[in-house]
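If you want the building blocks of each chain, they are given just below.
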Amino acid sequence: MDSMNKVREMRQPGASDLSVARASLEAAIASGGGDRRRSSRGMVIGGGVLAAGLVVAGTLVGGLQPQAASAQEVLENAAALQVELYDTSLEEGQFLRTKIVRESISYLNEGWQTGVEPFSAVPVHPVAAVLTGSTDVSYRSADRSADVTQDTSGYYGIQAYGDTSAAEAAWAEYYVPSGAAKIGEQAPGEVWRTAGRAPGSRFLEGKLQGRIPEDPQAFLDAWIAGADGDAAAREPALDQLWRVVGDADFANASGRERATVLRALALTDGAEVVSTDGGLSVVQYKGEWGTYRLTVDTAKGQIVAVQSEIHRGAVYVGGGNKERLVDFEAPAFVPDGTFSSTEKITVDVVDSVPQADTFDD
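Owing to the predicted nature of the structure, the values given are computational and were not obtained by experimental measurement. (Residues numbered from 1 in each chain as written. Predicted model: local features only at pLDDT ≥ 70, side-chain atom pairs only at ≥ 80, totals over all residues. Heavy atoms only, no water.)

Now for the environment of tyrosine 285. Structurally, tyrosine 285 is set in strand β8 (residues 280-286). With 20 residues separating them along the chain, tyrosine 285 and leucine 265 place their C-alpha atoms 9.4 Å apart. Ignoring any residue separated from it by four or fewer positions in sequence, one finds tyrosine 285 in contact with Leu238, Asp239, Trp242, Asp269, Gly270, Ala271, Gly290, Thr291 and Tyr292. (Helix = DSSP H or I, 4+ residues; strand = E, 2+ residues; numbered from the N terminus. Contact = heavy atoms within 4.5 Å.)

Laid out in structure tokens, this is it:
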């Protein structure tokens, strides 16, 4: 259970170029509380972007036809279908299961042998890359005060690209001593419980320092105004917003909050529907740092996948803490069509939960 925390403890103070991942994770890490385990893993894995499932009503609003709908219509329709997390019909003994399967790319750059952290979210003279994965499953009952059961896999390497020998050596040196499996192997999962809490996104509350405005334009204005300073080295506010639907805490937000975020996304310029497949529409937004895709089940309003393709990030200069931005492309040894991060989300109702070994409050 503590394997990723042990990796965190092994980290030495100093320069690091995991700034892209840090931008997406810093709010969740800072929030603390019942999700410490997931936050600490996020501090280590670098390339992973925390993801979330949306719980929605199974009805179609306004007879939306996915093939003809604009991005704004798809997002507005999804917003209209949001419901309170625990409004999903659950009978006694049933649980709402949200499964999040993540994949992301981490790069191994030249000189990794002398670096504090060998793997990076930003390729700078890369020699190899590792496609990494993790799976988180949460089980929640209709009782908001009841404990939440979490079933998580260890952070693992799915496949290496480029100089695979170097990737395997770096992985074995940095991750395996703390309990991670070798690349190509998946460590056993762990089951644990956390205290239940009422719906509410700690990520959003932390960013906005208080109540989340219900009006989408007011929310958008507050989000942009509350963006971190030092804009030269921080991910732009709108890029962050397009990723917030892939944040783990977004699953715990109320239906009103989720609807507000989706309506705010509908207000941003440049979003378009790039493909439809049956009842699934893919909405794409090209931001300053990357391209973001949301796959939406238009009949349920559910986001079933969140994908990011990042081409800009911050790296530390020398041994200090000063950051600079770099533009990059994925190296040729990474297969075409591989996203910087992908989160696939499924939500269903089950009649039992796995036995938890520990409790983490």
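There's plenty left to go through after this.
In this section: the nonpolar core. With 37 residues, the main nonpolar core has Leu75, Leu241, Trp242, Val245, Leu262, Leu265 and Leu294 as its most contacted residues. Breaking this core down by element, the ones donating at least two residues are α4 (71-80), α7 (216-225), α8 (237-244), α9 (255-267), β8, β9 (290-297) and β10 (302-310). Among the elements that take part in this core, α9 stands out by supplying 6 residues, more than any other. Non-local contacts of leucine 294, meaning those with residues more than four positions away in its chain, are made with Leu75, Trp242, Val245, Leu265, Ser281, Val282, Val283, Ile303, Ala305 and Val306. The next biggest cluster of nonpolar side chains, apart from the first, holds 15 residues, and it includes Trp112, Ala166, Ala170 and Ile183. (Core = buried A, V, L, I, M, F, W, Y, C linked by side-chain atoms within 4.5 Å. Buried < 20%, exposed > 50% of the residue type's maximum accessible area, 1.4 Å probe, protein only.)

As enumerated under the stated definition, the model contains 7 salt bridges in all. The partner of arginine 312 in a salt bridge is aspartate 327, and the shortest N-O contact between them spans 2.6 Å. Of this pair, arginine 312 sits in strand β11 (residues 312-316) while aspartate 327 sits in strand β12 (residues 323-327), placing them 15 residues apart in sequence. Overall, the relative accessible area of 25% leaves arginine 312 in the partly exposed class. Residue class for aspartate 327 comes out exposed when judged on its relative accessible area of 57%. (Salt bridge = Lys/Arg side-chain N within 4 Å of Asp/Glu carboxyl O.)

Turning our eyes to something else, we now look at the pairing of strand β1 (residues 95-109). Side chains on a regular strand alternate between the two faces of the sheet. Here 10 bridges tie β1 to strand β13 (residues 341-350), and the two strands are oriented antiparallel to one another. Bridge pairing links valine 101 to lysine 344 in β13. Of the strand pairs in this sheet, β1 and strand β3 (residues 126-140) are connected by 14 bridges, and their pairing is antiparallel. What sits directly across from valine 101, in β3, is threonine 135. (Pairing = 2+ DSSP bridges.)

With that settled, consider the packing of α7 against α8. Between α7 and α8, whose axes approach to 9 Å, the crossing angle comes to 120 degrees. The angle between the axes of α7 and α8 places the two elements in the oblique class. For the pair α7 and α8, the crossing hand works out as right-handed. Between α7, through Phe219, Leu220, Trp223 and Ile224, and α8, the contact on the second element is made entirely by Ala237, Leu238, Gln240, Leu241 and Val244. (Axes fitted to C-alpha atoms, helices over the stretch in contact; angles between N-to-C directions. Parallel < 35°, antiparallel > 145°, perpendicular 65-115°, else oblique. Left-handed = near helix turned anticlockwise from the far one by under 90°.)

The next subject is the confidence of the model for the chain. Detailed reading of the predicted model is not advised wherever pLDDT is low. The share of residues in the chain with pLDDT of 70 or more is 71%, and the mean pLDDT across the chain is 77. In the predicted structure, residues 1-63 sits below a pLDDT of 50 and forms 180 contacts with residues beyond four places in sequence or in another chain. (pLDDT = per-residue confidence, 0-100.)

Time to look at the side chain of serine 138. Tracing the chain through its elements places serine 138 in strand β3. Apart from the residues within four sequence positions on either side, serine 138 is in contact with Leu96, Arg97, Thr98, Val148, Thr149 and Gln150.

Time to look at helix α5 (residues 164-174). Taken residue by residue, α5 has Ala166, Ala167, Ala170, Trp171 and Tyr174 as its buried positions. The arc enclosing the buried residues of α5, seen along the axis, measures out at 130 degrees, which places them on a common side. In α5, the exposed positions that point more than 90 degrees away from the buried face belong to Ser165 and Glu173. (Arc of directions from axis to C-beta.)

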